[in-house]
Amino acid sequence: MGREKERMLAGEAYDPSVPELVADRRRAQDRCRRYNATAQTQTDRRERLLRELFGEVRGDATVVPPFRCDYGYNVGVGDGFFANYGCVFLDVAPIGFGENCLLGPGVHVYAATHPLDPEERAAGLEFGDPVTVGDDVWIGGRAVITPGVEIGDGAVVAAGAVVVDDVPARAVVGGNPAEVIREIDDDE
């Protein structure tokens, strides 16, 4: 493994233009293309391709095409994972989902980010910050989860929310930036 890939996986600033990372992204793009070309009835082929694309698939997982990601090998999903049409994962750092997570259409999860300093940004450097989603989480359509966010078990992210801070367990968040709307009590 080359130095820039090591830096990427460690969450340090790295150069994404090195041949090893370009090849990794092309491999993921090819796997996404093949996955997205499957028919709804090709469940066995979809399962095989998804397991080739993602770093970890624990149990049953469903991803409705089209789907896009940067590398794939930094994505882990738990049993009962479901992602609806048009989801995008920028997985330069780990993106992990627990069990029974549901994603609405067009959910974007970003573990990739860029330096704030304009000179560093102009140099083409980027880095990542992991995203962790607990068990039994529902993320509504067109929500955006930004780098470094942790979403607690049983939380709900409203459609269209932009999540820039951690979400407590059993909380409903919405808005831009997302804020806690209410807590979910045990009777719900």
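Residues numbered from 1 in each chain as written. Predicted model: local features only at pLDDT ≥ 70, side-chain atom pairs only at ≥ 80, totals over all residues. Heavy atoms only, no water.

The chain appears in an unreviewed UniProt entry as Maltose O-acetyltransferase from Halorubrum ejinorense. Database annotation for the chain, UniProt heading Sequence similarities (unreviewed entry): "Belongs to the transferase hexapeptide repeat family." (UniProt positions renumbered as here; feature names shortened; annotations may be inferred.)

### Considerations on helix H2 (residues 19-36)
Between its first and last C-alpha, H2 extends 25 Å over 18 residues, near the 26 Å set by a 1.5 Å rise per residue. Among the residues of H2, Leu21, Asp24, Ala28, Cys32 and Tyr35 are the ones counted as buried. Along the axis of H2, the buried residues cluster in a sector spanning 75°; they form a single face. Away from the buried face of H2 by more than 90 degrees, exposed residues Pro19, Arg26 and Gln29 are located. Tucked into the core, H2 has its buried residues touching helix H1 (3-9), helix H3 (43-53), strand S2 (61-63) and strand S3 (67-69). (Helix = DSSP H or I, 4+ residues; strand = E, 2+ residues; numbered from the N terminus. Expected span 1.5 Å × (residues − 1). Buried < 20%, exposed > 50% of the residue type's maximum accessible area, 1.4 Å probe, protein only. Arc of directions from axis to C-beta. Contact = heavy atoms within 4.5 Å.)

### Some thoughts on the nonpolar core
Residues Phe54, Phe89, Phe97, Leu103, Ile139 and Ile151 are the most contacted members of the largest nonpolar core, which totals 41 residues. In contact with Leu103, other than residues within four places in its own chain, are Phe81, Phe82, Ala83, Asn84, Cys87, Phe89, Phe97 and Ile139. In this structure, Met8, Tyr14, Val18 and Val92 belong to the second largest nonpolar core, which totals seven residues. (Core = buried A, V, L, I, M, F, W, Y, C linked by side-chain atoms within 4.5 Å.)

### Considerations on the sheet that holds S3
In a beta sheet, neighbouring strands are held together by backbone hydrogen bonds and run either parallel or antiparallel to one another. Read from one edge of the open sheet, five strands run S3-S6-S9-S14-S17, paired in parallel fashion. Each of the sheet's edge strands pairs with one partner strand only, and the pair in question is S3 and strand S17 (162-163). As paired strands, strand S9 (residues 108-110) and strand S14 (residues 144-145) are joined by two bridges and run parallel to one another. Residue pairing across strands places His108 opposite Val144, the latter belonging to S14. (Pairing = 2+ DSSP bridges.)

### So, a negative patch on the surface
Together, Asp60, Asp79, Glu99, Asp135, Asp136 and Asp153 make up a negatively charged patch on the protein surface. Relative to the helices and strands, Glu99 resides in the loop between strand S7 (95-97) and strand S8 (102-103). With relative accessibility at 40%, the residue Glu99 sits in the partly exposed group. (Patch = residues over 30% accessible without salt bridge, like charges linked within 9 Å, V, L, I, M, F, W, Y side chains within 5 Å. Areas by Shrake-Rupley, 256 points an atom, 1.4 Å probe, with all protein chains shown as cover. Salt bridge = Lys/Arg side-chain N within 4 Å of Asp/Glu carboxyl O. Lys, Arg positive; Asp, Glu negative; His and termini not counted. Charge placed at Lys NZ, Arg CZ, Asp CG, Glu CD.)

### Focus: the sheet that holds strand S16 (residues 156-157)
Pairing in this open sheet of seven strands is mixed, and the strands run S2-S5-S8-S13-S16-S18-S19 from one edge to the other. Edge positions in the sheet fall to S2 and strand S19 (178-183), since each has one partner strand and no second. In terms of strand pairing, S16 meets strand S18 (residues 171-175) through two bridges, oriented parallel. Residue Val157 lies in a different strand from S18, and its bridge partner there is Val173.

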